[in-house]
Amino acid sequence: MKSKTATLIEVARLAGVSTATVNRVLKQQGYVSEEARRKVEAAVAATSYRPNVVARGLRTRRSSTIGLMLTAITVNPFFVGVAHAVEAAAIAAGYRVVIFNHGGHEDYERHGVEAFIAQRVDAVLFCTAASPRNVEILAAAGIPAIEIERSSTPSASFVRVDNYVGARAAIDHLVGLGHERIAFVGGDPGLYPQDATRRRSVEEDRLGAYHDGMRAHGLVPNPAHIRLGQYYDLANDVSGREGRQHAEALMELARPPTAIFSTCDILAVGVLQALYKAGKRVPQDISVVGFDDTLAAYLAPQLTTVAQPVAALGRHGFDMALAAIESTEMPNEIVLATHLVIRQSTGPAARTGSN
């Protein structure tokens, strides 16, 4: 039954379900049992069924196109994961995705937004926005905007992760291993904006969790162990320079930390590089924890890290966009859970004198 012109009815007949069920699976809306979903997906694959987006566009005055505005897909694997998830969800629903990278430049982003409007996209996802003004341009044009990870304007729907809980889990893990001198290497709250919807930034969540976690265990953070800055340089590829510089400074202290919590896997890359150069063994001499779970599994040793649900961020972002397009109910903000993935870069604190 392999045919490029298969109809929705043929897919439903092969799957043994109604056309309404097929539609719910394709649009990822409404309840469908796992068994029915598997049957529909198998029937779609067997028939090479593709929604007739041209005909649908004529009926609905939609382009069946989603714009995806990214910060820089070549610098941070996080953006690659989000883009992949958005594209997969869009294809399943009969949409295509147009990607634009602004590289942290407000004027580049505005150019991309204007291009999206010219292409008559049905919605735009930002991960993340360089300027709230560019998000508001879309609202003025009647195009829904969805923000992923960070919120620049209250007018757009927003999906994010619980950074505080993830960072707190990292500190609890290290303290549980006997570490007391725990360093924090992360983004500077002074360099990154607060979320418009909650007046708090990703960086404040992670740094706050570090302070709270230390205090909860009766530990006093050493100001010299707190290293803040940018995560990486958008103008360059992933080099780990920022993490290296932080770790080098920490190793020069009279009493260096026995563990380092790096709030980005890219920062952790630099930390590991600096520790290797200094002749420090990980985790025998010093433990390292990252954040994101993008590069973690590819490092040596494999990195213990706080995993962000990157694929879920992309899927939920697209679902929110689709709900806005079709005027269906959807929460204005979704918060997803993080979880700690324990690998080989953390171990018990070395007991060579006072910790």
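Relevant structure appears above.
What you are looking at is a predicted structure, and each value in this text was computed from that prediction instead of being measured.

Reading the values: rules and limits
- Residues numbered from 1 in each chain as written.
- Predicted model: local features only at pLDDT ≥ 70, side-chain atom pairs only at ≥ 80, totals over all residues.
- Heavy atoms only, no water.
- Salt bridge = Lys/Arg side-chain N within 4 Å of Asp/Glu carboxyl O.
- Helix = DSSP H or I, 4+ residues; strand = E, 2+ residues; numbered from the N terminus.
- Buried < 20%, exposed > 50% of the residue type's maximum accessible area, 1.4 Å probe, protein only.
- Pairing = 2+ DSSP bridges.
- Axes fitted to C-alpha atoms, helices over the stretch in contact; angles between N-to-C directions.
- Contact = heavy atoms within 4.5 Å.
- Phe/Tyr/Trp six-rings, centres within 6.5 Å; stacked < 30°, edge-to-face > 60°.
- Lys NZ or Arg CZ within 6 Å of the ring centre and 35° of its normal.
- Polar contact = N/O pair within 3.5 Å; in protein donor to acceptor, adjacent residues only side chain to side chain.

J.: Residue-level account of the pattern of salt bridges, with values.
T.: Per the stated rule, a full pass over the model turns up 16 salt bridges. The shortest N-O distance in the salt bridge between glutamate 114 and arginine 110 comes to 3.1 Å. With a gap of four residues between them, glutamate 114 and arginine 110 both fall in helix H6 (residues 106-118), about one helical turn apart. For glutamate 114, a relative accessible area of 41% corresponds to the partly exposed category.

J.: Any chance you could break down the sheet that holds strand E12 (residues 339-341) for me, citing the residues and the numbers?
T.: The six strands lie next to each other as E7-E6-E8-E9-E10-E12, forming an open sheet whose pairing is mixed. The open sheet has two free edges, formed respectively by strand E7 (226-229) and E12, since each of these has just one partner strand. Between one strand and the next, the sheet's axes are offset by a mean angle of 15 degrees, whatever the strand orientation. Where strand E6 (residues 182-187) lies against E7, four bridges are found, and the strand directions are parallel. Residue pairing for E7: glycine 187 is matched across the bridge by glycine 229. Contacting E6, strand E8 (259-262), strand E9 (287-292) and strand E10 (304-307), helix H11 (residues 265-277) crosses the sheet at an angle of about 160 degrees to E9.

J.: Which residues make up the packing of aromatic side chains, and what values do they have?
T.: Scanning the entire structure with this criterion turns up six aromatic pairs. With centroids separated by 5.5 Å and ring planes inclined at 80 degrees, the aromatic side chains of phenylalanine 78 and phenylalanine 79 adopt a geometry described as edge-to-face. Phenylalanine 78 sits in the buried class, given a relative accessible area of 1%. Ring geometry for phenylalanine 261 versus phenylalanine 291: centroids 6.5 Å apart, planes at 40 degrees, classification tilted. Here phenylalanine 291 lies in strand E9 and phenylalanine 261 lies in strand E8, a separation of 30 residues in the sequence. Linked through ring pairs, Phe184, Tyr210, Phe261 and Phe291 together constitute an aromatic cluster. Over the ring of phenylalanine 291 we find arginine 206, and its NZ or CZ is 3.9 Å from the ring centre.

J.: Could you give an account of the side chain of threonine 346, with specific residues and numbers?
T.: Locating threonine 346 in the fold gives a position in the segment after E12. Look at threonine 346 and you get buried, because its relative accessible area is 11%. A distance of 3.0 Å separates a polar atom in the side chain of threonine 346 from a polar atom in the side chain of histidine 173. Apart from the residues lying within four places of it in its own chain, the contact partners of threonine 346 are His173, Leu174, Leu177, Pro283, Ser287, Val288, Val289 and Thr304.

Fair warning: the whole summary comes from geometry, so function is off the table for now.
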